[in-house]
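Spelled out, the chains give:
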Amino acid sequence: MSEVKIAATLRSEFGKGAARKIRRDSKVPGVLYGHGSDPVHVTLPGHELLLALRTPNVLLSLDIDGKNELAIPKAVQRDPLKGFLEHVDLLLVKRGEKVVVEVPVVAEGELAAGGNLLEHVLNTLSVEAEATHLPESVTVSVEGLEAGASVLAKDITLAKGVTLVTDADAVVLQVLAAQAEEPAAEGTEEEAAAAEGAEA
């Protein structure tokens, strides 16, 4: 996995006004917590952080006023309309330490012929891995799967050193039969209308 170096500065001003001022300067307010220490309030460069967060579970090497810390993103708030970063919560980690993260599930391959649909019951899997070796995603082959088939969490192959936290029997993907128009539904409506007429 990638490790991205970002320079951060400690911040001493809090509240909505201070946060707005930080964002006006194209920066992002954040909080760094973990390892039983008090939360550390920091300011991060907006563009660099935005690029880094394109990688799921990216490992950030933060230079905070000359002190180096490793962290992973735990919660990211974005503006619902414009999409820019409003705030980020970061979790302190150490090399060799294991952490639990959500990893995106990526399906590859073609389903069996017949216009079947693939439903993502779970978009992510919860896994435990070393903080410096977090997987960016897990890939599942759906090649040739037919309607009624499903993929359970335990069926997915994980990289060495990664263990599953999600319930092993949880359905992650399932194949649905192509939906045809149901003429029976129309008949039901006619029957309902007839019933209403009879009541009148």
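Small disclaimer: the values here were computed from a predicted structure and weren't measured.

A. Just the confidence of the model for the protein, in detail. Residues of the protein with pLDDT of at least 70 account for 84%, and the chain-wide mean is 84. Put simply, helix H3 (residues 183–199) is where the protein has its lowest mean pLDDT, 53, and strand E12 (residues 163–164) is where it has its highest, 96.

B. Expanded view of the environment of Pro104. Of note, Pro104 is situated in strand E7 (residues 98–108). Pro104 sits in the partly exposed class, given a relative accessible area of 26%. Contact partners of Pro104, with chain neighbours within four places excluded, come to Pro56, Asn123, Thr124, Glu136, Ser137 and Val138.

C. How the structure looks around unusual backbone geometry. Phi at Asn57 takes a positive value of approximately 55°, unusual for a residue other than glycine. For Asn57, the position within the fold is in the loop between helix H2 (46–52) and strand E4 (59–64). When its relative accessible area of 12% is taken as the criterion, Asn57 is described as buried. Positive phi is not limited to glycine here, since Asp65 has a value of about 50°. Note that Asp65 resides in the loop between E4 and strand E5 (67–78). By relative accessible area, Asp65 is classed as exposed at 53%.

Calculation criteria
Residues numbered from 1 in each chain as written. Predicted model: local features only at pLDDT ≥ 70, side-chain atom pairs only at ≥ 80, totals over all residues. Heavy atoms only, no water. pLDDT = per-residue confidence, 0-100. Helix = DSSP H or I, 4+ residues; strand = E, 2+ residues; numbered from the N terminus. Buried < 20%, exposed > 50% of the residue type's maximum accessible area, 1.4 Å probe, protein only. Contact = heavy atoms within 4.5 Å.

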